[in-house]
Amino acid sequence: MQDFPAPSLALAPPPAAATPPGEKPALAAVALGLLALLAAAADADAARAQLSLGIALALLSGGALAWAWLAFGRAEAGWHPHDLWRRASTSRGAVAWASGLALTGFYVVLYWFPWLLTNLIRALDPFSQSLRHRVADQWFLYGTFYTLAVLVLGGRALWKYRFSRYHLARTASVMFFQLGFSFLLPGLLLALQQPEYYFTYFWPLKYDYLFPGTVAQLLHGGGLGVFMVFWGVVMAFVATPVLTYFLGKRWYCAWVCGCGGLAETAGDAYRQLSDKSRQAWRWEVRLIYPILGLIVLLTALLWLGASGAVPALGVVTGPLGQFYGFMIGSVFSGVVGVGFYPLLGSRVWCRFGCPMAAYLGLLQKHFSRFRISTNGGQCISCGNCSNACEMGIDVKQYAQCGAPIVRAACVGCGLCATACPRGVLNLENGPRAGRLAGSAFIHADSLRIL
Amino acid sequence: MHLVIIGNGITGVTAACTARRLNASARITLVSAESAHHYSRPALMYLYLGHLRYADVKPYEDWFWAENRLELVHAEATGVDTAARTVQLATGQVLAYDRLLLATGSVVRTADWPGQQLRGVQGFYGLPDLERMARATQGIGHAVVVGGGLIGVELAEMLHSRGIRVTWLVREQRYWQSVLPPEEAALLTAHIRRHGIDLRLATELREVLGDAQGRVRAVLTTTGQELPAGWVGLATGVTPNLALAQAAGLATDRGILVNELLEASVPGVYAAGDCAQHRQPAPGEVAVEQLWYTGRMQGETVAHTLCGQPTPYRRGQWFNSAKFFSLEYQTYGRVPAQAGADTASFCWQHPSGRHLLRLNFRLSDHAVTGVNALGLRQRQAVWERWLGEQTPIGTVVAQLAAANFDAEFSRQHEPAIRRAFARQFPAIPLAGRPRRRGLFGAWPG
């Protein structure tokens, strides 16, 4: 960009877009909700804290939904992200930095200073008691906030994408799986004195589900525990390859997974921030496959240790497990993955860190019927597809040379196809033969794009 | 060999990339006054809308050029000495070439309206125009767009996105009537008006009125109305940019005259894209093609000739696409605004006014000749085959789902279209089994 012509858009960006006056009451409600949340966190009196928390959640949810309606409901349904790169909140402006700091701060407190959240956790006790028959803890608080974010901002996504049945279906799907399988069902299991189990998280994302310790514990727990082990093994090694063969990685990443669910709902406003450069892609490959390798290695070593074949393996697996749990499980997936949504985009964890995404990606790239087709020679290289890609794929590189998009990273959210103003892209499952064949309308310039 | 290309639009860049693929050792230089790097001209509107940043509309990252040894010169070419085979640049530099490609694109065409030199009155073609428009439309309340083509609708949408009230003057009785049949024009007119654009048909600009500071304040129409305007966009078309060709003494008419190898009138000099005019266009084709797609195809074709593989330009089946606010438009084959005497035209519309499909076919042998689709995505490869094989319309209608390129779970309209066709043309049998799509379903061939 350094050689850009003198009077240019890059040097003199257009003025930031102001918040439309009509949207201000909704935003004020959200701000008041955040204040009420702080009040609840600071209040040692349980009854008052409960009241504050109730008011906070009502204001946050109501304000966000009202804002969504004002932002998307009044214009004709369709893809028109006007001023996306002119608003401070969605273009790494001051608002984005503030929200990034707040989110990151929340994760730091949650993981390492949970006592700061004591009042909020206690305020959730009655709810936790009624759902799980036990007192709340920091993870219940987190799960409640998380689920509420997916539901409320899922409502925003349903409203925003009401013109597209594909987006309605996958948004409803992630909302359903988050509420049912990642929140209510684990709570119910606890209430029934059963192991807390998440049926929609599998090894290697939920890596300890196939660790010998967890397996032994579950098997010990009777019929349901045995089923859980069976479910975990079948989902990780049978269902995942089969479903990915037919549908691509998206069946999990954009329809079921909780991390994906948060990205598709709360993170939807930030999808354009994912870096599309070749440099970013190189980091992606450097990080995600070693992380998959690390968790495979750790799991294998743990089983080797459990078999007793190699004595004193705990010297290795203990620190390795701690390192993985801290660096990948906490810092990467939480602090960076979600905390940096407003700065790096909504899929940082999924793109750079998630071993499940790496596993699914390998299957998708080498063993799947899924691809994004390019429609003949219709691409105008406008860049809307790449801009909409939350996984940082420079989609237009493929579209403009008539090539189908077969990339390990693609989670099949379908926004590239929606954003395309010429109807060039389409997510499809078809025979694997010729899956990589380009369009006959453009003779691909065979020059390197990555 | 040193290949010098003037112009870094889609034609020049496609030619450069193709030439590099065909010839690994040639020295290739791209000269452009407009921008340091190639950018997507059709994407300019998205910069104004705030959907994208400038870096996003560059089809290639900046490392691409050096890695592929494509030299970029950001300077204006002011002259060509075809005898000495040199290009003069405004910087004083002189570039020697073995072969020269002129891909200089277009310039804005305007009539001679009184007041069109006022500040705040402009055309819209390139980056500098976008920058002027961005500055001039800040804080204004009303704008007027003149001209009923594709640039006009882009300008209307851009202005509308910033809350500016738009009056759009279109000379013709119907919107884009030189290209669109009446049903399409009517549907789009309604769609555009639904977005709050004051689209005035059969209305022309008479004069632009200024204030004491030399800035536009209003326009006067041929119907005698004075409309307030803080900014006026002239979208009355573009015309080939001939400045350099004429300075070089090349034969020109409306464009730079070229033969089917895209050779200009002087040895070693070629022209392609918007600026070229074919001496002998194929029957039914135009001499000057000013489309992104044809620019790319001409660029690819001429690169073969430049690299010693003489290749005549053959466009193949016509296709084009556009977007009007939220409505996508695609066309394949020939769908003239008024069907010829030997052609039947079938037009289906969804009651919502958001989907339309027109199928043209020959009366003599029922071969399909073209399709217009609004709000329905069609698969180009399938249409290419149907048109190339002169597929009977009965087969096309029966198998229409094979050309469906809409997103998964979209409502499929093929059954309704088939029923409507059967009602209108009961004598034509709908051959073949209807093909359906689905998550695991048939793959359209």
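For the structure itself, look to the data block above.
Notes on the structure in this doc start here. (Residues numbered from 1 in each chain as written. Chains lettered and ligands numbered in written order. Predicted model: local features only at pLDDT ≥ 70, side-chain atom pairs only at ≥ 80, totals over all residues. Heavy atoms only, no water.)

**Concerning the overall build of chain B**
Here comes step 1: Helices and strands together make up the secondary structure of chain B, namely 11 helices and 25 strands.
Here comes step 2: Relative to the globule expectation of 22 Å for 445 residues, the C-alpha radius of gyration of chain B, 24 Å, shows essentially globular dimensions.
Here comes step 3: In terms of overall dimensions, chain B has a C-alpha envelope of 70 × 60 × 40 Å along the principal axes.
Here comes step 4: Within the span of chain B, comprising 445 residues, buried residues form 58% of the whole.
Here comes step 5: Within chain B, contacts between residues separated by at least 24 positions form 61% of all contacts whose residues are at least 6 apart in sequence.
Here comes step 6: Counting every atom, chain B has about 17100 Å² of accessible surface; 50% of that belongs to carbon and sulfur.
Here comes step 7: Taking the average place of the 44 positive charges on the side chains of chain B and the average place of its 37 negative ones, the gap between the two points comes to 6 Å. (Helix = DSSP H or I, 4+ residues; strand = E, 2+ residues; numbered from the N terminus. Rg over C-alpha atoms; globule rule 2.2 N^0.38 Å. Buried < 20%, exposed > 50% of the residue type's maximum accessible area, 1.4 Å probe, protein only. Contact = heavy atoms within 4.5 Å. Areas by Shrake-Rupley, 256 points an atom, 1.4 Å probe, with all protein chains shown as cover. Lys, Arg positive; Asp, Glu negative; His and termini not counted. Charge placed at Lys NZ, Arg CZ, Asp CG, Glu CD.)

**Some thoughts on the pairing of strand E25 (residues 368–374) of chain B**
All names here are of chain B.
Here comes step 1: Among the seven residues in E25, six count as buried, and that is most of the element.
Here comes step 2: Taken together, the five bridges between strand E22 (residues 327–333) and E25 define a ladder with antiparallel strand orientation. Within E25, the residue paired with Gln 330 across the bridge is Ala 373.
Here comes step 3: The loop that links strand E24 (residues 356–362) with its antiparallel partner E25 comprises five residues; one of these, His 366, has a positive phi angle of about 65°. (Pairing = 2+ DSSP bridges.)

**A look at the sheet that holds strand E6 (residues 94–96) of chain B**
Residue and element names in this part refer to chain B.
Here comes step 1: Spatially, E4-E5-E6 is the arrangement adopted by the three strands of the open sheet, whose pairing is antiparallel. Edge positions in the open sheet fall to strand E4 (77–81) and E6, since each of these has one partner strand only. Going across the sheet, the axis of each strand differs from the next one's by a mean of 20°, ignoring polarity.
Here comes step 2: One ladder, built from four bridges, connects E4 with strand E5 (residues 86–89); its direction is antiparallel. Each residue of the ladder has a partner; that of Gly 79, found in E5, is Gln 88. (Axes fitted to C-alpha atoms, helices over the stretch in contact; angles between N-to-C directions.)

**Overview of the interface of chain A and chain B**
Bring the parts together and some accessible area is lost; that lost area is often taken as the interface size.
Here comes step 1: At the interface, 71 residues of chain A touch 72 residues of chain B.
Here comes step 2: Summing both sides of the interface, chain A and chain B together bury roughly 5900 Å²; the carbon and sulfur share of this comes to 50%.
Here comes step 3: Remark: the boundary between chain A and chain B carries four salt bridges.
Here comes step 4: Across the salt bridge formed by Glu76(A) and Arg354(B), the nearest N and O atoms sit 2.1 Å from each other.
Here comes step 5: At the boundary of chain A with chain B, the tally comes to 31 residue pairs in polar contact (both at pLDDT 80 or more).
Here comes step 6: Contributing elements (two or more residues each) for the side of chain A that touches chain B: helix H7 (165–191), helix H9 (223–247), strand E1 (370–374), helix H17 (384–388), helix H18 (395–399), helix H19 (415–419) and strand E2 (425–429) of chain A.
Here comes step 7: For the side of chain A that touches chain B, the element with the most residues is E2(A), which contributes five residues.
Here comes step 8: Of the residues contributing to the side of chain A that touches chain B, the split by class is 32 nonpolar, 23 polar and 16 charged. (Buried area = accessible area lost by both parts, 1.4 Å probe. Salt bridge = Lys/Arg side-chain N within 4 Å of Asp/Glu carboxyl O. Polar contact = N/O pair within 3.5 Å; in protein donor to acceptor, adjacent residues only side chain to side chain. Nonpolar A, V, L, I, M, F, W, Y, C, P; charged D, E, K, R; others polar.)

**Digging into the pattern of salt bridges**
Here comes step 1: Per the counting criterion, the structure on display carries 33 salt bridges over all chains.
Here comes step 2: Arg271(A) serves as the salt-bridge partner of Glu264(A), at 3.0 Å between the closest nitrogen and oxygen.
Here comes step 3: Classification of Glu264(A) as buried rests on a relative accessible area of 2%.
Here comes step 4: Of the charged contacts, one joins Arg41(B) and Glu34(B) as a salt bridge, the two residues approaching to 3.0 Å between their closest N and O atoms.
Here comes step 5: Within this structure, Arg156(A), Lys160(A), Arg170(A), Glu264(A), Asp268(A), Arg271(A), Arg347(A) and Glu390(A) form a network of salt bridges that share partners.

**Describing helix H1 (residues 24–42) of chain A**
All names here are of chain A.
Here comes step 1: The end-to-end C-alpha distance of H1 is 27 Å, a good match for the 27 Å that 19 residues give at a rise of 1.5 Å each.
Here comes step 2: The complete set of buried residues in H1 reads Ala 26, Ala 29, Val 30, Gly 33, Ala 36, Leu 37 and Ala 40. The buried residues of H1 occupy one face: seen down the axis, they fall within an arc of 120°. Facing away from the buried side of H1, by more than 90 degrees, are the exposed residues Leu 35, Leu 38 and Ala 42. (Expected span 1.5 Å × (residues − 1). Arc of directions from axis to C-beta.)

**Section: helix H9 (residues 380–388) of chain B**
Here comes step 1: Those residues of H9(B) not exposed but buried are Gln380(B), Val382(B), Trp383(B), Trp386(B) and Leu387(B). In an axial view of H9(B), the angular spread of the buried residues amounts to 155°, which keeps them on one side of the axis.

**Quick notes on the nonpolar core**
Here comes step 1: Counting 130 residues, the largest nonpolar core has Val87(B), Leu102(B), Trp168(B) and Trp383(B) as the members making the most contacts within it.
Here comes step 2: In contact with Trp383(B), not counting residues within four places along its chain, are Tyr332(B), Leu359(B), Val368(B), Val371(B), Gln378(B), Val396(B), Leu400(B) and Ala403(B). (Core = buried A, V, L, I, M, F, W, Y, C linked by side-chain atoms within 4.5 Å.)

**Notes on the sheet that holds strand E16 (residues 231–234) of chain B**
Residue and element names in this part refer to chain B.
Here comes step 1: The parallel open sheet is built from five strands, whose spatial order is E9-E16-E10-E11-E12. Looking at the sheet topology across the chains shown, the edges are occupied by strand E9 (121–123) and strand E12 (198–200). Going from strand to strand, the sheet's axes swing by 20° on average, the running direction of each strand aside.
Here comes step 2: As judged from the five bridges shared by strand E10 (residues 142–146) and strand E11 (residues 165–169), these two strands associate in the parallel manner. Counterpart to Val 146 in the pairing with E11 is Leu 169.
Here comes step 3: Across the face of the sheet, helix H4 (residues 127–136) comes into contact with E9 and E16 while running at roughly 150° to E9.

**Comments concerning the packing of aromatic side chains**
Residue and element names in this part refer to chain A.
Here comes step 1: The full count for this structure, using the stated rule, is 51 aromatic pairs over all chains.
Here comes step 2: Seen in terms of ring centroids, Tyr 111 and Trp 139 are 5.6 Å apart; in terms of plane orientation they differ by 55°. Their pairing is tilted. Of this pair, Tyr 111 sits in helix H3 (residues 94–112) while Trp 139 sits in helix H6 (residues 138–160), and the two are 28 residues apart along the sequence.
Here comes step 3: Looking at Trp 139, the relative accessible area reads 43%, which means it is partly exposed. (Phe/Tyr/Trp six-rings, centres within 6.5 Å; stacked < 30°, edge-to-face > 60°.)

**Structural notes on the environment of Ser52(A)**
Residue and element names in this part refer to chain A.
Here comes step 1: Relative to the elements of secondary structure, Ser 52 occurs in helix H2 (residues 46–73).
Here comes step 2: Taking the relative accessible area as the measure of exposure, Ser 52 reaches 16% and is therefore buried.
Here comes step 3: For the pair Ser 52 and Glu 196, spaced 144 residues apart in sequence, the C-alpha to C-alpha distance is 29 Å.
Here comes step 4: Residues contacting Ser 52, with those up to four places away along its chain left out, are Ala 36, Ala 39 and Ala 40.

**Things to note about the side chain of Thr18(B)**
Here comes step 1: Structurally, the position occupied by Thr18(B) is in helix H1 (residues 10–22).
Here comes step 2: Discounting chain neighbours no more than four positions away, the residues touching Thr18(B) are Glu300(B), Ala303(B) and His304(B).

**Some details on the packing of H9(A) against helix H16 (residues 355–366) of chain A**
Residues and elements named next belong to chain A.
Here comes step 1: Across the interface, H9 lies against H16 with an axial gap of 9 Å and an inter-helix angle of 50°. The angle between H9 and H16 falls in the class oblique. Two packed elements cross with a definite hand, and for H9 against H16 that hand is right-handed. Residue-level inspection shows Ala 236, Phe 237, Thr 240, Pro 241 and Thr 244 of H9 in contact with H16, the latter providing Met 356, Tyr 359, Leu 360, Leu 363 and Gln 364.
Here comes step 2: Across the contact of H9 with H16, the residue classes break down as seven nonpolar, three polar and no charged. (Parallel < 35°, antiparallel > 145°, perpendicular 65-115°, else oblique. Left-handed = near helix turned anticlockwise from the far one by under 90°.)

**Quick look at a nonpolar patch on the surface**
All names here are of chain A.
Here comes step 1: A surface patch of nonpolar side chains, about 710 Å² in accessible area, is lined by Trp 112, Phe 113, Trp 115, Leu 116, Phe 323, Phe 326 and Met 327.
Here comes step 2: Per-element accounting of the nonpolar patch gives the leading share, three residues, to helix H13 (residues 314–336).
Here comes step 3: With respect to the element layout, Trp 112 can be found in helix H3.
Here comes step 4: Residue classification places Trp 112 among the partly exposed positions, given a relative accessible area of 34%. (Patch = residues over 30% accessible without salt bridge, like charges linked within 9 Å, V, L, I, M, F, W, Y side chains within 5 Å.)

**Considering the pairing of E11(B)**
All names here are of chain B.
Here comes step 1: Where burial is concerned, most of E11 is hidden: four out of the five residues are buried.
Here comes step 2: In this view, the connection linking E10 to its parallel neighbour E11 by way of helix H5 (residues 150–161) has right-handed handedness.
Here comes step 3: Across three bridges, E11 lies against E12 in parallel orientation. When the sheet's bridge partners are listed, Leu 169 is paired in E12 with Arg 200.
Here comes step 4: In this fold, E11 hands off to helix H6 (residues 182–194), which returns the chain to E12; that crossover is right-handed. (Right-handed = clockwise from strand over helix to strand, strands pointing away.)

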